Amino acid sequence: MDAAQPHIEVRGLTMAYGSRVIQKDLDFTVNRGDIFVIMGGSGCGKSTLLKHMIGLYEPAAGEILYGGASFQRADDEERDRMRRGWGITYQGGGLFSAMTLAENVALPLQQYTPLDAATIGELVSYKLALVGLAGFEEYYPSEISGGMQKRAGLARAIALDPEILFFDEPSAGLDPISSRLLDELILHMRDALGATVVMVTHELASIFAIGNNSVFLDAETRTMLDYGDPQRLLTGSDHELVRRFLSRSAGEGA
Amino acid sequence: MSPAPAADPNPARCAIEARAGGSTLVLSGDWTVARGAPRAADVLPQLRAQPVRELGFDCSALGSWDSLLVMLLLGIEEECARAGIRFDTANLPEGALRLMALARAVRPEQHARPARAPWWRRLLTGEPLLRAWGELLGALAFLGELLIALGKLCLGRANTRARDFLWFVQQAGPAAIGIVTLISVLVGMILAYLGSVQLRQFGAQIYVADLVGIGMVREMAALMTGVIMAGRTGAAYAAQLGTMQTREEIDAIRTLGMSPMEFLVLPRLLALVLVMPLLTLYSGVLGMCGGALVATGMDVSWTQYLHETRLAVNLTHISTGLAKSVVFGLLIALAGCRAGIQCGRSSEAVGKATTRAVVTAIVALIVADAAFNIVYQRLGI
């Protein structure tokens, strides 16, 4: 990696459902090429933060900058252009169950590129090969395993060669081996595509194996406790809760 | 991934040049999905036309690139491997090489899906018949389990909760009053219009009251309420139970030692069977009001209409309608609950179960209604 170059900047973000504040005063920067982990206990608003970052929810205050441009201040057209640079995988894969894997991956290509059907067909096969699903083009999502569904979701997310990849709990519900393979795949994708990765997870193994930047959200104080490299937070965080979370110790009063 | 695309179009090009030490594929321009680029199929004929022993690359004029370039390289590499050409990757972008390695990591094997036999063979082997038979057995088993649950309920040993029952009564009854009101008044008016046009020719408009009264009470009240309940409550039952099935709630009920029949199906079924006759009565009365609205616009006074209705509608008519409504309620609840309990474990299965519940219920309603009318006709009631 060259010198750190900010890619996503979250500035003074406050998230709320109506009058119920989920998290307030979030401030952090994700650099280009980072694998950024959003972590924290259950119900602290990790997924909500991710949904704010992908523009599904409007923040109660603050803004999020992509490559220096504010998503919140952009008009609809500009937002669409920004969104096209993102690839998102959802917790359950988010695949369209009425379409085959090939149709799922082809959909964004048909929507947003001028390519002809034959080229799209080749691209789809290539994307599926990248996630280790070569030959599964004609399968429906319900006919493959959960791990394969997640990888197929990843194939759809990278269909348009995104600059930023968002993952919501990529390894939830996967066995340790599958989730390690998925981690490796994410790492490969980041290296090969040069993409920035933002993921929500509380799999410690994943956090340490691939994360190089992270933010820790606390449900009680409703704000971030610490942010930075998880390896550093493990030993050097000023907050005991963060160290306990990362070392998986219950401590007192937990 | 790569530098921002140039503002002016910089089309992707590739050409094979013979250079010292072998052939070189010169790549230039922006190879992005957003603009399109040559494909392997366009380049391969060139490659085959020349006696190439070794293929190198020149990417000095290559602008931004994405998957399209990697795809081309993979295609060419495959061809080179087949034709025995040395594939020199020295000058290729490092990122592209990494992606190629990743794509090659898992060899495509054909994961053939189990082919379905052609329709005529399935027909010959009696597959539809077997399926229908299985369906029938399943329905009978469901009914049997239901009867056992009912028996236990009568003995006071079922784990059906009164609270659930009352909740479903509230959901099926009072919550449906609005739509039943609207539909009943309109159906009454439709019947009245239909009849008055014909009866007026004989100066017999007053008999609109008979037509609407008997038509509503014997037939339309039960049928329309049934259709509304099938769409509203039957579909809701299928969706509720189907969702519970996908979220493993029904498994949890079983493993807690409770019977889903007693715990889930019975309160729903009993609620609907209780509510249907009440709604049918209500619907009949409102239908007559709708009829009266039309009739009073056609030289029939309110009192005349009321008097004629009282002469025409007797207890036999009312009880025939109520008998139907009880059976309809039973059929709707059965169709809804069975579709829900049988539901698969995916989200699309819930949609299918709901559709199935409504279609089954409406078909069953009409068939049962026809059967009732034949029986009534034979019995002369």
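Q: Please explain the overall build of chain B as it appears in this structure.
A: A tally of regular secondary structure across chain B gives 13 helices and 4 strands. Looking at chain B as a whole, 44% of its 381 residues qualify as buried. Excluding contacts between residues fewer than 6 apart, the proportion of contacts in chain B whose partners are at least 24 apart in sequence is 81%. Carbon and sulfur atoms provide 64% of the accessible area of chain B, an area that totals close to 20,000 Å².

Q: Mind showing me how you'd approach the overall build of chain A here?
A: Across its full length, chain A holds 9 helices and 10 strands. Burial statistics for chain A: of 254 residues in total, 55% are counted as buried. Partitioning the contacts of chain A with sequence separation of at least 6, the portion at a separation of at least 24 is 62%. Per element, the accessible surface of chain A, about 10,900 Å² overall, is 48% carbon and sulfur.

Q: It is not clear to me how the nonpolar core should be interpreted in this structure. Could you clarify?
A: Residues and elements named next belong to chain B. Formed by 83 residues in total, the largest nonpolar core has its most connected members in L27 and I76. Not counting residues within four places of it along the chain, the set of residues in contact with L27 comprises R13, C14, F57, D58, C59, A61, L62, L69 and L72. Listed in part, the 39 residues of the second largest apolar core include A172, L269, F328 and I332.

Q: Hey, could you run me through the confidence of the model for chain B in this one?
A: Residue and element names in this part refer to chain B. A residue-level look at chain B finds 94% of positions with pLDDT of 70 or above and a mean pLDDT of 88. Scored below 50 in pLDDT, residues 1-8 shows 12 contacts in the model against residues more than four places distant or in partner chains. This complex was scored by the predictor with a pTM of 0.68 and an ipTM of 0.72.

Q: What am I meant to see in the sheet that holds strand β2 (residues 22-31) of chain B here?
A: Strand pairing in a sheet is mediated by backbone hydrogen bonds. Such pairs are either parallel or antiparallel. Residues and elements named next belong to chain B. On the basis of which strands lie adjacent, the open sheet formed by 4 strands has the order β1-β2-β3-β4 and mixed pairing. A strand with exactly one partner marks an edge of an open sheet, and here the two such strands are β1 (13-19) and β4 (86-87). Alignment of β1 against β2, held across 7 bridges, turns out to be antiparallel. The partner of C14 across the bridge, within β2, is L27.

Q: What am I meant to see in helix α5 (residues 127-154) of chain B here?
A: Because each turn of an α-helix spans 3.6 residues, side chains separated by three or four positions end up pointing in the same direction. End to end, α5(B) covers 40 Å across 28 residues, agreeing with the expected 40 Å (1.5 Å per residue, within 8%). Of the residues making up α5(B), those classed as buried are F142(B), L146(B) and A149(B).

Q: What is the right way to look at the interface of chain A and chain B in this model?
A: One frequent convention defines the size of an interface as the accessible area lost when the parts assemble. At the interface, 31 residues of chain A touch 25 residues of chain B. Summed over both sides, the interface of chain A with chain B buries roughly 2,500 Å², with 61% coming from carbon and sulfur. If you look at where chain A meets chain B, you find 2 salt bridges. Residues R39(B) and D116(A) are paired through a salt bridge, measuring 3.9 Å at the closest nitrogen-oxygen approach. For the pair chain A and chain B, the number of links is 3 residue pairs in polar contact (both at pLDDT 80 or more). Secondary structure elements with two or more residues in the side of chain A that touches chain B: α4 (117-130) and α6 (176-193) of chain A. For the side of chain A that touches chain B, the leading source of residues is α4(A), giving 8 residues.

Q: How should I be thinking about the sheet that holds strand β5 (residues 69-70) of chain A in this particular structure?
A: Residues and elements named next belong to chain A. In space, the 4 strands of this open sheet follow the order β2-β1-β4-β5, with antiparallel pairing throughout. Looking along the sheet, the strands with just one partner apiece sit at the ends: β2 (20-31) and β5. As paired elements, strand β1 (residues 6-17) and β2 share 8 bridges and run antiparallel to each other. Residue pairing across strands places E9 opposite T29, the latter belonging to β2. Along the sheet face, helix α1 (residues 46-53) touches β1, β2 and β4 (61-66) and points at about 120° away from the line of β1.

Q: When you look at the pattern of salt bridges in this model, what are you seeing that I'm missing?
A: Two side chains of opposite charge can pair, provided their charged atoms sit close to one another. Counted by the stated rule, this structure contains 21 salt bridges over all chains. In this structure, the salt-bridge partner of R39(B) is E122(A), at a minimum N-O distance of 2.6 Å. Taken as a pair, R39(B) in the loop between β2 and α1 (40-49) and E122(A) in helix α4 lie in two separate chains rather than in one. Within this structure, E9(A), R11(A) and D27(A) form a network of salt bridges that share partners.

Q: Hey, could you run me through the packing of helix α7 (residues 177-200) of chain B against helix α8 (residues 208-246) of chain B in this one?
A: All names here are of chain B. Relative orientation of the contacting elements α7 and α8 amounts to 145°, with a least axis distance of 9 Å. Classified by chirality, the crossing of α8 by α7 is right-handed. Note on element contacts: α8 touches α7 through V208, L211, V212, G215, M216, M220, M224, I228 and R232, opposite I179, V180, I183, S184, V187, G188, L191, A192, G195, S196 and L199. Residues belonging to the contact of α7 with α8 are distributed by class as follows: 14 nonpolar, 5 polar and 1 charged.

Q: In this structure, what is going on with empty space enclosed by the protein? I would like to understand it.
A: Gaps left between atoms are located by rolling a probe of water-molecule size over the structure's atoms. Considering all chains together, one arrives at 2 cavities of 30 Å³ or more under this definition. T89(A), Y90(A), G93(A), K150(A), L154(A), F167(A), P170(A) and L182(A) together form the lining of the largest cavity. When the residues that make up the lining of the largest cavity are grouped by side-chain class, the tally is 5 nonpolar, 2 polar and 1 charged. Empty space within the second largest cavity amounts to approximately 30 Å³. Lining the second largest cavity are E122(A), P38(B), R39(B), A40(B), L68(B), M71(B) and L72(B). For the lining of the second largest cavity, the element with the highest residue contribution is helix α2 (residues 67-83) of chain B, accounting for 3 residues. Classifying every residue of the lining of the second largest cavity gives 5 nonpolar, no polar and 2 charged.

Q: Is there a simple way to think about the side chain of R268(B) in this case?
A: Residues and elements named next belong to chain B. For R268, the position within the fold is in helix α10 (residues 260-296). For R268, which is buried and forms no salt bridge, the nearest opposite charge comes from D164, at a distance of 6.8 Å. R268 has contacts with F168, Y237, Q240, L241 and C337, leaving out every residue within four places of it along the chain.

Q: What's the story with α1(A) in this structure? I'm lost.
A: Residue and element names in this part refer to chain A. With 6 of 8 residues buried, α1 lies mostly within the body of the structure. Within α1, the full set of buried residues consists of K46, T48, L49, L50, H52 and M53. Remark: G55 follows α1 within two positions and exhibits a positive phi of approximately 75°.

Q: Where do I start with the confidence of the model for chain A in this structure?
A: Interpretation of the predicted coordinates at a detailed level should be avoided for regions scoring low in pLDDT. This prediction gives chain A a mean pLDDT of 85; 96% of its residues lie at or above 70. When mean pLDDT is taken per element in chain A, strand β8 (residues 196-200) of chain A scores highest with 92 and α6(A) scores lowest with 80.

Q: Whenever I open this one, unusual backbone geometry confuses me. Can you help?
A: The phi torsion of most residues other than glycine is negative, and most of the peptide bonds are trans. Of note, E248(B) is a non-glycine position whose phi angle comes to about 65°, a positive value. Residue placement: E248(B) occurs in the loop between α8 and α9 (249-255).

Q: Any chance you could explain a negative patch on the surface here in plain terms?
A: All names here are of chain A. On the surface, D75, D76, E77 and E78 cluster together to form a negatively charged patch. Mapped onto the fold, E77 is located in helix α2 (residues 76-84). Residue E77 is classed as exposed on the basis of its relative accessible area of 69%.

Calculation notes
- Residues numbered from 1 in each chain as written.
- Chains lettered and ligands numbered in written order.
- Predicted model: local features only at pLDDT ≥ 70, side-chain atom pairs only at ≥ 80, totals over all residues.
- Heavy atoms only, no water.
- Helix = DSSP H or I, 4+ residues; strand = E, 2+ residues; numbered from the N terminus.
- Buried < 20%, exposed > 50% of the residue type's maximum accessible area, 1.4 Å probe, protein only.
- Contact = heavy atoms within 4.5 Å.
- Areas by Shrake-Rupley, 256 points an atom, 1.4 Å probe, with all protein chains shown as cover.
- Core = buried A, V, L, I, M, F, W, Y, C linked by side-chain atoms within 4.5 Å.
- pLDDT = per-residue confidence, 0-100.
- Pairing = 2+ DSSP bridges.
- Expected span 1.5 Å × (residues − 1).
- Buried area = accessible area lost by both parts, 1.4 Å probe.
- Salt bridge = Lys/Arg side-chain N within 4 Å of Asp/Glu carboxyl O.
- Polar contact = N/O pair within 3.5 Å; in protein donor to acceptor, adjacent residues only side chain to side chain.
- Axes fitted to C-alpha atoms, helices over the stretch in contact; angles between N-to-C directions.
- Left-handed = near helix turned anticlockwise from the far one by under 90°.
- Nonpolar A, V, L, I, M, F, W, Y, C, P; charged D, E, K, R; others polar.
- 1 Å grid on protein atoms, 1.4 Å probe; cavity = no way out; pocket = protein on both sides within 12 Å on 5 of 7 lines; lining within 4 Å.
- Points joined across faces, edges and corners; volume = space filled by probe spheres on them.
- Lys, Arg positive; Asp, Glu negative; His and termini not counted.
- Patch = residues over 30% accessible without salt bridge, like charges linked within 9 Å, V, L, I, M, F, W, Y side chains within 5 Å.
- Charge placed at Lys NZ, Arg CZ, Asp CG, Glu CD.

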